[in-house]
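# Summary of structural features
Now for the letters of each chain:
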Amino acid sequence: MTDGATPDSVVAIETDRLLLRPWRVAEAVVQRELWTERDPRVPPHRRIGADGRPTVAELEDSIRTDEVWSSGLLAVERKGPQDVIGYCGLVDTGRGAAGEPELAFELLRRFWGRGYATEAASAVLDRARSSGHERLWATVWDWNTASRRVLAKLGFTETGRTEVHPARGTTLFTTRRL
C-alpha cells in the first residue's frame, strides 16, 4: 500500500475468502467493467466517456505505470474461483491530514451484498494498523447506502465535513482511529 512500498515489495493480504494483491495487466478488463457500471451521478471523469475512454489499452497502460495499482488499490481476488472482483486499498489523495491515507474500495455489482467489501476493507485496516497508521478516512456519496453501511460496520464515523455538488449529491467524509 502507499506506505513507501515498491510494487515488488508489496505483500499480498489474505482473508478467508480473498486475496488482495497488485493488479495484473490482463485484468484491465475488470477495471473497464467497473468504469462501465458506475452510477451516472459519479463524476464524468470517473466514468466511460462518450469517446469510449478509458479504453482497455489505456487501463492496461495505467496498471503498468501508475503506482496506485501496484501498491495502493489492490486487486480483490476470490480465492476459490481466482477471479478479480474489484479493488480495495489505501491512497493518498491529499484531501486528508498528512499521514492519513484514504480507504477506497469498489466491487463489480454482481458481487455486492456478499460481505466481500467489508472483508477486504477490514483486512486493509489490519494492515494499516500494523504499518503504524493511527487513523484513516474515507469519503462516500450520501446516496451510496451500501458503501456507507460497509464503512459503518468497519467503525468509520462521519466527521461533519461535506462537499456538496448540485448534480452528484453530497460527499461525506468519515474517519476511523486504528
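Anyway, here's the lowdown on the structure attached to this text. (Residues numbered from 1 in each chain as written. Predicted model: local features only at pLDDT ≥ 70, side-chain atom pairs only at ≥ 80, totals over all residues. Heavy atoms only, no water.)

### Quick notes on the nonpolar core
Residues L20, W23, C88, L103 and F156 are the most contacted members of the largest nonpolar core, which totals 43 residues. The greatest single-element share of this core, amounting to 8 residues, is contributed by helix α4 (residues 116–130). (Core = buried A, V, L, I, M, F, W, Y, C linked by side-chain atoms within 4.5 Å. Buried < 20%, exposed > 50% of the residue type's maximum accessible area, 1.4 Å probe, protein only. Helix = DSSP H or I, 4+ residues; strand = E, 2+ residues; numbered from the N terminus.)

### Quick notes on helix α1 (residues 28–37)
Listing the buried residues of α1 in full gives A28, V30, Q31, L34, W35 and E37. Tucked into the core, α1 has its buried residues touching α2 (56–65), α3 (68–72), β4 (84–91) and β5 (102–107). (Contact = heavy atoms within 4.5 Å.)

### Quick look at the side chain of E100
Secondary-structure assignment places E100 in the loop between β4 and β5. Polar contacts involving the side chain of E100 include one to the side chain of R135, which spans 3.0 Å. Non-local contacts of E100, meaning those with residues more than four positions away in its chain, are made with R135 and W137. (Polar contact = N/O pair within 3.5 Å; in protein donor to acceptor, adjacent residues only side chain to side chain.)

### Thoughts on the pattern of salt bridges
Under the counting rule described, the total for this entry stands at 16 salt bridges. E77 is paired through a salt bridge with R24; the nearest N and O atoms lie 3.8 Å apart. Of this pair, E77 sits in strand β3 (residues 73–78) while R24 is found in the loop between β2 (18–21) and α1, placing the two residues 53 residues apart along the sequence. Between E106 and R38 there is a salt bridge, and its shortest N-O distance comes to 2.6 Å. Taken as a pair, E106 in strand β5 and R38 in the loop between α1 and α2 lie far apart in primary sequence, 68 residues in all. Assigned by exposure class, E106 and R38 land together as buried. (Salt bridge = Lys/Arg side-chain N within 4 Å of Asp/Glu carboxyl O.)

### With respect to the packing of α1 against α2
Orientation of α1 relative to α2, taken along the N-to-C sense of each, is 115°, at an axis distance of 9 Å. As for the relative orientation of α1 and α2, their crossing is right-handed in sense. Contacts between α1 and α2 involve A28, V29, Q31, R32 and W35 on the former and, on the latter, V56, L59, E60 and I63. The class makeup of the residues in the contact of α1 with α2 is 6 nonpolar, 1 polar and 2 charged. (Axes fitted to C-alpha atoms, helices over the stretch in contact; angles between N-to-C directions. Left-handed = near helix turned anticlockwise from the far one by under 90°. Nonpolar A, V, L, I, M, F, W, Y, C, P; charged D, E, K, R; others polar.)

### A few points about unusual backbone geometry
For the peptide bond that leads from R53 to P54, omega is 5°, which places it in the cis range. Mapped onto the fold, P54 is located in the loop between α1 and α2. One non-glycine residue, Q82, adopts positive backbone phi at about 55°. Looking at where Q82 falls in the secondary structure, it is placed in the loop between β3 and β4. On the basis of relative accessibility, which here comes to 60%, the residue Q82 falls in the exposed class.

### Focus on the layout of surface pockets
Taken as a whole, the largest pocket holds about 1500 Å³ of empty space. Around the largest pocket, the lining is made up of 49 residues, and of these R46, Y87, F105, E106 and N144 lie nearest the centre. Where the lining of the largest pocket is concerned, the elements lending two or more residues are α1, α3, β4, β5, α4, β6 (135–141), α5 (145–153) and β7 (157–165). With 7 residues, the single largest contributor to the lining of the largest pocket is α5. Looking at the lining of the largest pocket, its residues break down into 24 nonpolar, 12 polar and 13 charged. (1 Å grid on protein atoms, 1.4 Å probe; cavity = no way out; pocket = protein on both sides within 12 Å on 5 of 7 lines; lining within 4 Å. Points joined across faces, edges and corners; volume = space filled by probe spheres on them.)

### So, the packing of aromatic side chains
Counted according to the given criterion, the structure contains 5 aromatic pairs. Following the ring pairs from residue to residue traces out a cluster consisting of W23, W69 and Y87. Directly above the aromatic system of W143 lies the positively charged group of R41, at a separation of 4.0 Å from the ring centroid. When the ring centre of F173 is taken as reference, the NZ or CZ atom of R161 above it lies at 3.8 Å. (Phe/Tyr/Trp six-rings, centres within 6.5 Å; stacked < 30°, edge-to-face > 60°. Lys NZ or Arg CZ within 6 Å of the ring centre and 35° of its normal.)

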